[in-house]
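# Examination of the molecular architecture
Here is how the chains run, residue by residue.
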Amino acid sequence: MQKMGTDDGRGAISDTESVGSERVAFSGPLSGPLSGPLSGPLNKRGQRKSARFNIPESKTIAGGSATDEGYVEITLDVRDDSVAVHSVKTAGGGENEDPEVTLLAKTLERRGSIGSSVIRSASARIRQVSQELRRLASITKRPSSVGRIDRSKSCAAQALKGLKFISKTDGGAGWGAVEKRFVDLTANTQGVLPRALFGQCIGMKESKEFAGELFDALARKRTITGNSITKSELKEFWEQISDQSFDSRLRTFFDMVDKNADGRITEEEVKEIITLSASANKLSKIQEQAEEYAALIMEELDPNNLGYIEIHNLETLLLQIPNQSSVRVGTTNSRNLSHLLSQKLKPTKESNPFRRCYKKIKYFVEDNWQRIWVFVLWLGILAGLFTYKFIQYKNKAVYEVMGYCVCTAKGAAETLKFNMALILLPVCRNTITWLRNKTKLGVAVPFDDNLNFHKVIAVGIAIGVALHAVAHLTCDFPRLLHASEEAYEPLKPYFGEHKPPNYWWFVKGVEGWSGIIMIVLMAIAFTLATPWFRRNKLKLPSALQKLTGFNAFWYSHHLFVAVYALLILHSIKLYLTKEWQKKTTWMYLAVPVLLYASERLIRAFRSGIKPVKIIKVAVYPGNVLTLHMSKPQGFKYKSGQYMFVNCRAVSPFEWHPFSITSAPGDDYLSVHIRTAGDWTLQLKTVFSEVCKPPPAGKSGLLRAEGMEGDNSPSLPRVLIDGPYGAPAQDYKKYEVVLLVGLGIGATPFISIVKDIVNNMRAKDDEEEELESGGVGGKGSSHSKKKNHVFKTTRAYFYWVTREQGSFDWFKGVMNDVAMNDQKGAIELHNYCTSIYEEGDARSALIAMLQSLNHAKNGVDVVSGTRVKSHFAKPNWHNVYKRIALNHRESRIGVFYCGPPGPTKELRQLASDFSRKTPTKFDFHKENF
């Protein structure tokens, strides 16, 4: 993983410092293809050397062989100015290194001069590593080893993790599934498999072109000239591509590139395989630059300009690829690291079902106590109101005629009054933001769950409406119609001298039609607010398509104005309550309605009095529109907050929320808006009309700049409203934060990353001023106060996206952090999930290109930034584990923004690691 900054944070140990109470000497010459003592001239591009170290028998693990267990193998990268640990393995432990031991060993890396001091510096580091490994060996428990690894094979196998056509688990055991697919696919082809179906048959369904080239390479090797193969030939193909040996995998990959089978690869053939690999991984930009990258590979592997490269040159390139999964560990006590590394940090399953259930309940309460007490309080209030009204009507004369039906109806009505008032409070955004920022209530009240609570109350309203309406329409009214004259006598003051003649009498009255209309309007609003309609998940006929989407949800939700008006009218014309002071509906609604109405008026006044000016517009790949706006006077916000945007050229009434991507210290406001619905699509279209293709050196597909003032009358007018509180704004409460953004969900964290860099820079300037003896004035006092409340000193930012073009959205921010984060406070990790995971042959050449281009130009071929990208999805367990190792006994703030999918895993891992390690993780999420 790539860590930005010049200070890597590793706890290096000086050459003269003794580590541990005993010393363990070097136990054998460097061996393998580069065997011999670590001296002599060094290759310009560096070498990789392996050595074995003896751990005394008294320190070896019980049950281990004295011969095999007593040795470990360390592979070092020796380059112009550094000696770096590449991998650490037991001498007889097979071909797989232990990543946790390597993780520990890499803490001992330290840059130093090579030249004449190579032997001294390398041997000093070797002694340090061997001593630390001896200590670790007494704690960790490893299986006994069998045999000894060939040094050359070991080193190459480490690099060739990127050339797996078929994984080990799918090797020989996978033939049965392949054979079954062969039978199904050749049912109509007389028992032969066409080339076009080869990929589907072997499990490369999504990479037909790559599978086709693999088919051609295997066919050339066996002089098969046709475009189809038999079952026996397929089995031969399968045996070769599932072979996990060093030579077989390297030869197969070489044959794919060497299309004329002459044992040499030309630049044109390299270009073709680059284009093929880029296509398989959906990397359009690499496809466009395939010729440039092919020249880069030839420059590296063909320094004599022979015009071709051979298989040993390709092997050299593969051996130089750094292990992307390697990480760097901060300064932490090595004993603590050893102890933590020996733990797998997996939850242990409780055998006793009662204890297991108790623990689940306990953990659930610990994680959700804020939500629980609010929910229980709400249910308690509803139960109290229902019981109060139920008993009240049970003691009235109407009970003799209508029975428990009227008690149920009136009890439900009382809960409805309360819920109809309460449902407005969670959407009073200004009030919630004020309470969140200015009071301590956030400790006990989960303000971030305001919309979820709004939905819960809506469910309560739906239940209350159902009870009230059903009890009246199917029970109360029929019983009243069938009551005797004698029984009806006490009800004359409420329903008149004469008993209602029929059911229609109730329906046509004000109470009847107002109630029915309210139910219909509520049903419409509730239905269109469900995810199926709001997110366009239903496939409806084109004539009904307008009933779905955000617009339908937005406008239908404003039917509540009519609902509240009808609710007041409904309560005035009550059958069974005539005194005005007993008609309590208005008492419930007065304060919430006034508060909500005031908020809407304030928002309208605040946003309309001073519209923002557009400074810059850009349209990026992935249908993302960026707006840079002037900052209104007095507009103060925190990183992680959001604001509402309105464009009257699209709709005069619609306001949509977007995270603010600029930092509070910037002199502008910015938002990144991804096209995900009808409103955002129209907004992008409106602004695209005023944009042009960007000039050379500028990013984006379309762009327009310098449009302040009245010089651009055609520019759409934009209004903003905010800022409003969001979960991400609480990052300042933590010294260490883990920020996880999926796709456009990275937007709130871009502001946070920029803010951290700005604050660290301000803090450095302040310290320099104090060191120089400068006297701080009013501005310095403010700066001190600001930095005092800014606790965050370390941030891990993981951005996961499907498309290569997405990295253009924040390219400037990534490069700025890479260049200016001198203290290494921020780790940036970009993941592109369209690329096949590390270890897949389809991404092997991309990894080679990435390594070469980043080493030569300092730019990543995937993201186009200084930040090196990772392939496929992150292993979140390893991410949490590494942070737990780096920050023992710390409290980490975990902030996630994106689709709901990964939320459960990230929350569960935060919970598990908080209970299994001394590091505590507080999880916060924001879904869209």
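Residues numbered from 1 in each chain as written. Predicted model: local features only at pLDDT ≥ 70, side-chain atom pairs only at ≥ 80, totals over all residues. Heavy atoms only, no water.

The next thing to look at is the overall build of the protein. Counting secondary structure elements, the protein contains 33 helices and 18 strands. In the protein, which comprises 928 residues, the proportion classed as buried is 50%. Of the contacts made within the protein by residues no fewer than 6 positions apart, 73% connect residues no fewer than 24 positions apart. Accessible surface, the protein: about 44,600 Å² in total, of which carbon and sulfur atoms supply 56%. (Helix = DSSP H or I, 4+ residues; strand = E, 2+ residues; numbered from the N terminus. Buried < 20%, exposed > 50% of the residue type's maximum accessible area, 1.4 Å probe, protein only. Contact = heavy atoms within 4.5 Å. Areas by Shrake-Rupley, 256 points an atom, 1.4 Å probe, with all protein chains shown as cover.)

Turning next to the nonpolar core. Membership of the largest hydrophobic core comes to 91 residues, with the highest contact counts inside it found for Phe 198, Leu 234, Ile 274 and Phe 797. Aside from chain neighbours lying at most four places away, what touches Ile 274 is Ile 286, Ala 290, Tyr 293, Ala 294, Ile 297, Leu 845 and Leu 849. (Core = buried A, V, L, I, M, F, W, Y, C linked by side-chain atoms within 4.5 Å.)

Another point: the state of the cysteines. Evaluation of the coordinates by the stated rule reveals one disulfide. Not part of a disulfide, Cys 407 finds its nearest cysteine sulfur in Cys 405, a span of 8.7 Å. Of the residues examined, Cys 407 reaches a relative accessible area of 0% and is grouped as buried. (Disulfide = S-S within 2.5 Å.)

Counting buried residues in strand β17 (residues 891–898) gives seven out of eight residues, a clear majority hidden from the surface. In the sheet, strand β13 (residues 736–742) pairs with β17 via six bridges, with the strands oriented parallel. Its bridge partner lying in β17, Val 736 is registered against Ile 892. Here β17 runs beside strand β18 (residues 920–927); their pairing, made up of eight bridges, is parallel. Bridging from a neighbouring strand, Gly 898 pairs with Asn 927 of β18. Running through helix α33 (residues 903–916), the crossover from β17 to the neighbouring parallel element β18 is right-handed. (Pairing = 2+ DSSP bridges. Right-handed = clockwise from strand over helix to strand, strands pointing away.)

A word on the sheet that holds β13. Taken in spatial order, the six strands of this open sheet run β16-β15-β14-β13-β17-β18, and their pairing is parallel. Taken across any chain shown, the strands that pair with only one partner, and hence form the sheet edges, are β16 (869–871) and β18. Pairwise comparison of adjacent strand axes, ignoring direction, gives a mean angle of 20° for this sheet. Across the sheet, helix α32 (residues 876–886) touches β13, β14 (794–801), β15 (826–832), β17 and β18, and the angle it forms with β14 is around 170°. Those strands touched by α33 are β13, β17 and β18, and its axis lies near 165° from that of β18. (Axes fitted to C-alpha atoms, helices over the stretch in contact; angles between N-to-C directions.)

Let's shift gears to the pattern of salt bridges. Following the criterion strictly, the structure yields 24 salt bridges and no others. Where Lys 285 meets Asp 808, a salt bridge forms, and the shortest distance between an N and an O atom there is 2.5 Å. One end of the pair, Lys 285, is in helix α10 (residues 284–288); the other, Asp 808, is in the loop between β14 and α30 (811–820), with 523 residues separating them in the sequence. By relative accessible area, Lys 285 is classed as partly exposed at 26%. Looking at Asp 808, the relative accessible area reads 8%, which means it is buried. Of the charged contacts in the structure, one is a salt bridge between Arg 436 and Asp 448, with a shortest N-O distance of 2.6 Å. Of the two residues, Arg 436 sits in helix α17 (residues 429–438) while Asp 448 sits in the loop between α17 and α18 (450–481), which places them 12 residues apart along the sequence. (Salt bridge = Lys/Arg side-chain N within 4 Å of Asp/Glu carboxyl O.)

Attention now goes to the confidence of the model for the protein. In this model, the protein carries a mean pLDDT of 74, and residues with pLDDT of at least 70 account for 73%. By mean pLDDT, helix α3 (residues 151–159) is the weakest element of the protein at 43, and β13 is the strongest at 92. Per-residue pLDDT stays below 50 along residues 168–172; that stretch engages in six contacts with residues further than four places along the chain or on separate chains. (pLDDT = per-residue confidence, 0-100.)

Here we come to helix α31 (residues 844–857). Because the α-helix completes a turn every 3.6 residues, residues three or four places apart line up on one side. With 14 residues, α31 extends 20 Å from end C-alpha to end C-alpha; this agrees with the ideal 20 Å at 1.5 Å per step. Here α31 lies mainly inside the structure; 11 of its 14 residues are buried. Listed as buried for α31 are Ala 844, Leu 845, Ile 846, Ala 847, Met 848, Leu 849, Gln 850, Ser 851, Leu 852, Asn 853 and His 854. One or two steps after α31, the chain reaches Gly 858, where phi turns positive at roughly 75°. (Expected span 1.5 Å × (residues − 1).)

On to the packing of helix α4 (residues 175–185) against helix α7 (residues 231–241), then. Direction vectors running N to C along α4 and α7 enclose 145°, while the axes themselves pass 11 Å from each other. Handedness of the crossing formed by α4 with α7: right-handed. Judged by residue contacts, Trp 175, Val 178, Glu 179 and Phe 182 of α4 engage Lys 231, Leu 234, Lys 235 and Trp 238 from α7. (Left-handed = near helix turned anticlockwise from the far one by under 90°.)

Another point: the packing of helix α6 (residues 208–221) against α7. The contact between α6 and α7 brings their axes to 11 Å, and the two run at 105°. Here α6 lies roughly perpendicular to α7, going by the angle between them. Along the contact surface, α6 presents Leu 214, Phe 215, Leu 218 and Ala 219, while α7 presents Phe 237, Gln 240 and Ile 241. By residue class, the composition of the contact of α6 with α7 is six nonpolar, one polar and no charged. (Parallel < 35°, antiparallel > 145°, perpendicular 65-115°, else oblique. Nonpolar A, V, L, I, M, F, W, Y, C, P; charged D, E, K, R; others polar.)

Counted under the stated rule, the structure contains 26 aromatic pairs. On the numbers, 5.8 Å between centres and 45° between planes, the contact of Phe 375 with Trp 378 is tilted. With Phe 375 and Trp 378 both in helix α14 (residues 353–394) and three residues apart, this pair spans about one turn of that helix. The class of Phe 375 is partly exposed, set by a relative accessible area of 37%. Residue Trp 378 is classed as buried on the basis of its relative accessible area, which comes to 7%. (Phe/Tyr/Trp six-rings, centres within 6.5 Å; stacked < 30°, edge-to-face > 60°.)

Our focus in this paragraph is the sheet that holds strand β7 (residues 624–630). Within the open sheet, the four strands sit side by side as β10-β7-β6-β11. Their pairing is antiparallel. The sheet terminates laterally at β10 (668–674) and β11 (702–705), the two strands that pair on one side only. For this sheet, the mean inter-axis angle between neighbouring strands, taken without regard to orientation, is 10°. Relative to β7, strand β6 (residues 614–620) runs antiparallel, the two sharing six bridges. By the bridge assignment for β7, Ile 614 is matched with Met 629.

With that out of the way, let us pick up unusual backbone geometry. Of note, the bond from Gly 722 into Pro 723 is cis; its omega dihedral lies within 30 degrees of zero at 0°. Within the element layout of this structure, Pro 723 appears in strand β12 (residues 718–724). In this structure, Thr 223 takes a positive phi of about 50° despite not being glycine. As for its position among the elements, Thr 223 is in the loop between α6 and β5 (228–229). Judged by relative accessible area, which is 67%, Thr 223 ranks as exposed. Its identity is not glycine, yet Ala 872 carries a phi of approximately 60°, on the positive side.

Our next topic: the side chain of Asn 886. Of note, Asn 886 is situated in helix α32. Among the residues examined, Asn 886 registers a relative accessible area of 8% and is labelled buried. Of note is the side chain of Asn 886, whose polar atom sits 3.3 Å from the side chain of Tyr 796. (Polar contact = N/O pair within 3.5 Å; in protein donor to acceptor, adjacent residues only side chain to side chain.)

Attention now moves to helix α11 (residues 290–301). Here α11 spans 16 Å end to end across 12 residues, near enough to the 16 Å set by a 1.5 Å rise per residue. For α11, the set of buried residues is Ala 290, Tyr 293, Ala 294, Leu 296, Ile 297, Met 298 and Leu 301.

The next subject is a nonpolar patch on the surface. A cluster of nonpolar side chains, namely Ile 361, Phe 364, Val 365, Trp 369, Trp 373, Leu 377 and Ile 381, defines an oily patch on the protein surface of about 660 Å² accessible area. Its location among the elements puts Ile 361 in helix α14. (Patch = residues over 30% accessible without salt bridge, like charges linked within 9 Å, V, L, I, M, F, W, Y side chains within 5 Å.)

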